Amino acid sequence: ARLHGEALAKQRMDFDMELAASVQQGFIPRCKPDFPGLDVAGVNYCCDETGGDYYDFILRSDKDGASTHLVVMVGDVSGHGIPAALLMASARAFLRARLLAPGSISEALGDVNRLLTDDLGMTGRFMTLFVLEMDVVTRDIRWARAGHDPALVYDPAADAFAELGGKGIPLGIDRDWTFAWDGMAALPPGQVLVLGTDGIWEARDPAGEMYGKTRLKNAVRACSDRTATAIADAVMADLAAFRQGVTRRDDETVVVIKIEET
């Protein structure tokens, strides 16, 4: 009778985890943005049934209702599993609501940061986030970092990588922090932007060696002439080959933005 009760409890827990995973998968963008000359794709793998990695696409409109700016976000909640997934869901709701309202990226981050800081209190949890906003016509970009690793920009013509850096602490730590933003004008066709989480470059092979950002750059370089979806898939395939069957220790997320001829 005891074993039967334990089996039923495990069955209920498995069902609840499957349901939580299904709900979280619904948070991942189902459709990628569709603008002439702009190719965008994202891939996310969790190390548990649920995770704390996050990516999203949001369209911001002018006063006439026309979509003029694309916001791309990649985030990473401390830890993983159910607690991280719950925090990710709250942060996603806050970010979507605030970024659909008027105001700059830095103002939006400040407002969301205050909400998360009040909710998290002294739990020690936080969320890193990289937010990039692109003018879909001019290809001007501006971005802000909330403790997240810089995004990468690859220029195939020069065979060179640049980082989109800047200062900023994770969300949920200091409610009065002011987030700065940086910008870059008119990205030319061929440029490839890569946003990711540390589950990629901190992944390890059976010998304990880390994947690292050099391997990530080499994977992007090798397929930069392909579509954004193909580049993202190639990065994940290269990472899986590097791990050689080693179980994921962290969630893995990558978003690729490719500028094409209009």
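From a predicted model like this one, the values you see are computed outputs, not experimental measurements. (Residues numbered from 1 in each chain as written. Predicted model: local features only at pLDDT ≥ 70, side-chain atom pairs only at ≥ 80, totals over all residues. Heavy atoms only, no water.)

Peer 1: Outline the pattern of salt bridges, supporting the account with residue identities and numerical values.
Peer 2: Taken as a whole, this structure holds 13 salt bridges when the rule is applied. Of the charged contacts, one joins Glu-252 and Arg-248 as a salt bridge, the two residues approaching to 3.0 Å between their closest N and O atoms. What makes Glu-252 buried here is its relative accessible area of 2%. Among the residues examined, Arg-248 registers a relative accessible area of 28% and is labelled partly exposed. Salt bridges here are not isolated pairs; linked through shared partners, they connect Arg-60, Glu-133 and Arg-142. (Salt bridge = Lys/Arg side-chain N within 4 Å of Asp/Glu carboxyl O. Buried < 20%, exposed > 50% of the residue type's maximum accessible area, 1.4 Å probe, protein only.)

Peer 1: Just give me the short version of the packing of helix α2 (residues 82–99) against helix α3 (residues 105–120), but keep the residues and values in it.
Peer 2: Axis separation between α2 and α3 bottoms out at 10 Å; the angle between their running directions is 145 degrees. For the crossing formed where α2 meets α3, the hand is right-handed. Contacts between α2 and α3 involve Leu-87, Ala-91, Phe-94, Leu-95, Arg-98 and Leu-99 from the former and Glu-107, Ala-108, Leu-109, Asp-111, Val-112, Leu-115, Leu-116, Asp-119 and Leu-120 from the latter. Per-class residue counts for the contact of α2 with α3 are 11 nonpolar, no polar and four charged. (Axes fitted to C-alpha atoms, helices over the stretch in contact; angles between N-to-C directions. Helix = DSSP H or I, 4+ residues; strand = E, 2+ residues; numbered from the N terminus. Left-handed = near helix turned anticlockwise from the far one by under 90°. Contact = heavy atoms within 4.5 Å. Nonpolar A, V, L, I, M, F, W, Y, C, P; charged D, E, K, R; others polar.)

Peer 1: Quick rundown of the sheet that holds strand β9 (residues 192–196)? Include the residues and the values.
Peer 2: On the basis of which strands lie adjacent, the open sheet formed by five strands has the order β1-β10-β9-β6-β7 and antiparallel pairing. Only two strands of the sheet have a single neighbouring strand rather than two, namely β1 (38–45) and β7 (160–164). Neighbour-to-neighbour, the strand axes of this sheet turn through a mean angle of 20 degrees, independent of strand direction. Here strand β6 (residues 151–155) runs beside β9; their pairing, made up of three bridges, is antiparallel. (Pairing = 2+ DSSP bridges.)

Peer 1: Can you tell me about empty space enclosed by the protein, naming the residues and giving the values?
Peer 2: This structure, assessed with the given rule, holds two cavities of 30 Å³ or more. What the second largest cavity holds in volume is close to 50 Å³. Lining the second largest cavity are Pro-150, Leu-152, Val-194, Leu-195, Gly-196, Trp-201, Lys-213 and Leu-216. Contributing elements (two or more residues each) for the lining of the second largest cavity: β9 and α5 (212–222). (1 Å grid on protein atoms, 1.4 Å probe; cavity = no way out; pocket = protein on both sides within 12 Å on 5 of 7 lines; lining within 4 Å. Points joined across faces, edges and corners; volume = space filled by probe spheres on them.)

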